[in-house]
Amino acid sequence: MIARQNKSQDGKALIRLVMKVMAPVRFGSTAEFEATRTLVNERLLLSGFEVRDDGKVVTARAARTVGEAQQRADDLRAELARRDVHPGLLAFCRAELLQQNYFHAVLEASKNVADKLRNLAGETGDGAKLIDVLCFPAASPRVRFNSLATEWERSEQTGIATLMKGLFSTFRNPAAHAPRAAWATSRSDALDMLTLASMLHRRLDEADLRR
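Residues numbered from 1 in each chain as written. Predicted model: local features only at pLDDT ≥ 70, side-chain atom pairs only at ≥ 80, totals over all residues. Heavy atoms only, no water.

Caption draft 1: View of the overall build of the protein chain. Of the regular secondary structure elements, the protein chain holds 11 helices and four strands. Counting all 211 residues of the protein chain, 39% fall into the buried class. Looking at the protein chain alone, contacts between residues at least 24 apart form 52% of all its contacts between residues at least 6 apart. Accessible surface, the protein chain: about 11600 Å² in total, of which carbon and sulfur atoms supply 54%. (Helix = DSSP H or I, 4+ residues; strand = E, 2+ residues; numbered from the N terminus. Buried < 20%, exposed > 50% of the residue type's maximum accessible area, 1.4 Å probe, protein only. Contact = heavy atoms within 4.5 Å. Areas by Shrake-Rupley, 256 points an atom, 1.4 Å probe, with all protein chains shown as cover.)

The structure is reproduced here in structure tokens:
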């Protein structure tokens, strides 16, 4: 490739190499392909090229900065920014998102919600038992998401606590105990889960603690 590039001086040899490497058939899953495509596009966009979802290299508007190239290459992070996902959540699983490692991003985000609840109340428990101790009964919980003055507010308290339980049982527990290959996380699932976790983060920010 270097010899051809030095002879032609037009970049075509490098483009051909990228297309061979990025042929979708070479990858074991869509998630693996998309993670690699993101990393390659972060470099190519600076020169006005990008890899499409079929593995072909095409011309594109050149990115002016590294940050712009990263944002355009990783549409998951761009979509999370558009949804205004809680910054504390993104900071907790930033390394996994940078690698488009949806499996561990989901796991870390779930752990972050539990950690925030523990810190709020000074507890050491975990999972559903922690929520039962702090958020139930709905009429007189230690962690309160509203004033609990009406039946509607007590119902909301139950709903938010149940959503937390669902977050752990649906995403955290399988991710913690199953191998990554057996419990794949799609981009769509990651977006939905991170949006839910973001909502729970904001409600915890506003929650009151009864000592």
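Caption draft 2: View of unusual backbone geometry. Here the residue pair Phe136 and Pro137 is connected by a cis peptide bond, since its omega of -5° sits within 30 degrees of zero. Even without a glycine there, the phi angle at Asp84 is positive, about 55°. You can see Asp84 is positioned in the loop between helix 5 (75-82) and helix 6 (87-92). The backbone of Leu148 shows a phi angle near 60°, a positive value even though the residue is not glycine. Position of Leu148 relative to the elements: it lies in the loop between strand 3 (143-144) and helix 10 (151-177). Exposure remark for Leu148: the relative accessible area of 8% places this residue in the buried category.

Caption draft 3: Region of interest: the environment of Met164. Take Met164: it is sitting in helix 10. Looking at Met164, the relative accessible area reads 0%, which means it is buried. Beyond its immediate stretch of four places on either side in the chain, Met164 contacts Val113, Leu117, Ile131, Phe145, Leu200 and Leu204.

Caption draft 4: A look at the pattern of salt bridges. As enumerated under the stated definition, the model contains 12 salt bridges in all. Residue Arg52 pairs with Asp54 through a salt bridge whose shortest N-O separation is 2.6 Å. Sharing partners across several salt bridges, the network here consists of Asp115, Arg118 and Asp126. (Salt bridge = Lys/Arg side-chain N within 4 Å of Asp/Glu carboxyl O.)

Caption draft 5: Just the packing of aromatic side chains, in detail. If you walk through the whole model with that rule in mind, you get one aromatic pair. Centre to centre, the rings of Phe27 and Phe33 are 5.3 Å apart; their planes meet at 75°, and the pair counts as edge-to-face. A relative accessible area of 5% places Phe33 in the buried class. (Phe/Tyr/Trp six-rings, centres within 6.5 Å; stacked < 30°, edge-to-face > 60°.)

Caption draft 6: Fine view of helix 9 (residues 127-135). Residues of helix 9 that are buried include every one of Gly127, Leu130, Ile131, Leu134 and Cys135, and no others. Axial view of helix 9: buried residues confined to an arc of 95°, hence all on one face. (Arc of directions from axis to C-beta.)

Caption draft 7: Spatial organisation of the environment of Ala149. By the element assignment, Ala149 lies in the loop between strand 3 and helix 10. The sequence separation of Ala149 and Ala139 amounts to 10 residues, and the corresponding C-alpha distance is 8.8 Å.

Caption draft 8: Quick look at the packing of helix 8 (residues 102-121) against helix 11 (residues 187-206). At a minimum axis distance of 10 Å, the contact between helix 8 and helix 11 shows a crossing angle of 10°. When the axes of helix 8 and helix 11 are compared, the pair comes out roughly parallel. Residues Tyr102, Ala105, Val106, Ala109, Ser110, Asn112, Val113, Lys116, Leu117 and Leu120 of helix 8 form the contact with helix 11, whose own contacting residues are Arg187, Ala190, Met193, Leu194, Ala197, Leu200, His201, Leu204 and Asp205. Classifying every residue of the contact of helix 8 with helix 11 by side-chain character gives 13 nonpolar, three polar and three charged. (Axes fitted to C-alpha atoms, helices over the stretch in contact; angles between N-to-C directions. Parallel < 35°, antiparallel > 145°, perpendicular 65-115°, else oblique. Nonpolar A, V, L, I, M, F, W, Y, C, P; charged D, E, K, R; others polar.)

Caption draft 9: Layout of the packing of helix 8 against helix 9. Look at helix 8 against helix 9: their axes get within 11 Å of each other, and the N-to-C directions meet at 40°. Along this stretch, helix 8 crosses helix 9, giving a crossing that reads as left-handed. On helix 9, the residues that touch Ala114, Leu117, Arg118 and Ala121 of helix 8 are Leu130, Ile131, Leu134 and Cys135. Among the residues forming the contact of helix 8 with helix 9, the class breakdown is seven nonpolar, no polar and one charged. (Left-handed = near helix turned anticlockwise from the far one by under 90°.)

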